Amino acid sequence: MAYTMSDYTIPDFAALAPRISGSISAVSSSTIIFLIFRSRAGMTTIYHRLMFGMSFADIMSSTAMALTTLPMPGNDDPIWLLNAYGTSSEIWWFDQTKIGNVHTCQAQGFFYSTGITVMFGYNGMLCLYYACAIAFKMQERDIRKKVEPFMHGVPLFLAIAYAIPAFIYHIYIPINNEPWCTVQPPPVLQKLSVIAICGLLGLILTSLGLVIWRVRKNGKSIMKATVQDNVNIEERVKVAHRNSKLIIAQSLAYIGAILLTLVSPLVRS
């Protein structure tokens, strides 16, 4: 069946929504980075370094997403007629403004996919940090020496492992169901992406489970010492327990956001 341009006409809202949400996300992450550097601790804590990495990656992906169709090759670009994008000469997002070329499209796809990958990786590493600090009661200096290199290395490794094949096989392209240039992975890369996503979710859920287990155990110990043994628990212990419960709430919020974001790539894969 031969398709016409009108078959691929997309409502303006489909391109407008990512511009708004992407801009808000980029500004929010920039605010987080600003607050980190303005804080007394600055970049001296592991938590701030993880948040910086996650926020910086989000700025990359959100800015690329906010540009939507602008970096795509124009409708008169020969790249469409050459069928280089595997579209059978159809032009995606025909009615939207496109002022870029092949190189700007590749750049947008790189920043979007790399930023998303690094951001998801740092989300997982943040949950791992909570597990080390709360569930395993590791000291900050021990986490810094033994675990933190892994926390930064995994997100960067995942991003590089995803970006290299994309450049080799030229799969940073426009697609018809997202208004920005992104990765159109081959079946093998799709399967590897699903494995990586499932592994990340497994790490997040396991870390959260360990944190919940430790908080519940500490809560029972405090209740037992207070009620049965009539021992006055130090205020700092109670404060630490309340802070741990707050971290659980924050972790649940992070996980909820991650699950909502990962539903789409998992379904497409």
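Parameters at a glance
Residues numbered from 1 in each chain as written. Predicted model: local features only at pLDDT ≥ 70, side-chain atom pairs only at ≥ 80, totals over all residues. Heavy atoms only, no water. Axes fitted to C-alpha atoms, helices over the stretch in contact; angles between N-to-C directions. Helix = DSSP H or I, 4+ residues; strand = E, 2+ residues; numbered from the N terminus. Parallel < 35°, antiparallel > 145°, perpendicular 65-115°, else oblique. Left-handed = near helix turned anticlockwise from the far one by under 90°. Contact = heavy atoms within 4.5 Å. Nonpolar A, V, L, I, M, F, W, Y, C, P; charged D, E, K, R; others polar. pLDDT = per-residue confidence, 0-100. Patch = residues over 30% accessible without salt bridge, like charges linked within 9 Å, V, L, I, M, F, W, Y side chains within 5 Å. Areas by Shrake-Rupley, 256 points an atom, 1.4 Å probe, with all protein chains shown as cover. Salt bridge = Lys/Arg side-chain N within 4 Å of Asp/Glu carboxyl O. Lys, Arg positive; Asp, Glu negative; His and termini not counted. Charge placed at Lys NZ, Arg CZ, Asp CG, Glu CD. Buried < 20%, exposed > 50% of the residue type's maximum accessible area, 1.4 Å probe, protein only. Expected span 1.5 Å × (residues − 1). Disulfide = S-S within 2.5 Å.

Caption draft 1: Geometry of the packing of helix α4 (residues 102-135) against helix α6 (residues 148-168). Axis separation between α4 and α6 bottoms out at 8 Å; the angle between their running directions is 155°. Taken together, the axes of α4 and α6 are roughly antiparallel relative to one another. Crossing handedness for the pair α4 and α6: right-handed. Contacts from Phe-110, Ser-113, Thr-114, Thr-117, Val-118, Gly-121, Tyr-122, Met-125, Leu-128 and Tyr-129 in α4 reach Phe-150, Met-151, His-152, Val-154, Pro-155, Leu-158, Ala-159, Tyr-162, Ala-163 and Phe-167 in α6. Tallied by class, residues from the contact of α4 with α6 come to 15 nonpolar, five polar and no charged.

Caption draft 2: Region of interest: the confidence of the model for the chain. Across the chain, the average pLDDT comes to 79, with 72% of residues at 70 or higher. Contacts for the low-pLDDT stretch residues 1-8, under 50 throughout, to residues beyond four places or in other chains number eight contacts. Counting interchain partners and residues more than four positions distant, the pLDDT-below-50 stretch residues 227-233 has nine contacts.

Caption draft 3: Spatial organisation of a positive patch on the surface. Positive charge collects at one region of the surface, where Arg-141, Arg-144, Lys-145 and Lys-146 lie side by side. Note on placement: Lys-145 falls in helix α5 (residues 140-146). In this structure Lys-145 comes out as exposed when scored by relative accessible area, which is 67%.

Caption draft 4: Quick peek at α6. Look at α6: 31 Å from first C-alpha to last across 21 residues, which is about the 30 Å you get at 1.5 Å a residue. Taken as a whole, α6 has its buried residues at Glu-148, Met-151, His-152, Pro-155, Ala-159, Tyr-162, Ala-163 and Ala-166. His-170, located one to two residues past α6, shows a positive phi value of around 55°.

Caption draft 5: View of the state of the cysteines. Counted by the stated rule, this structure contains one disulfide. Disulfide partner of Cys-105: Cys-181, at an S-S distance of 2.0 Å. On the sign convention where negative is left-handed, the bridge of Cys-105 and Cys-181, at about -110° about the S-S bond, is left-handed. Taken as a pair, Cys-105 in helix α4 and Cys-181 in strand β2 (residues 178-183) lie far apart in primary sequence, 76 residues in all. The buried category is assigned to Cys-105, whose relative accessible area is 0%.

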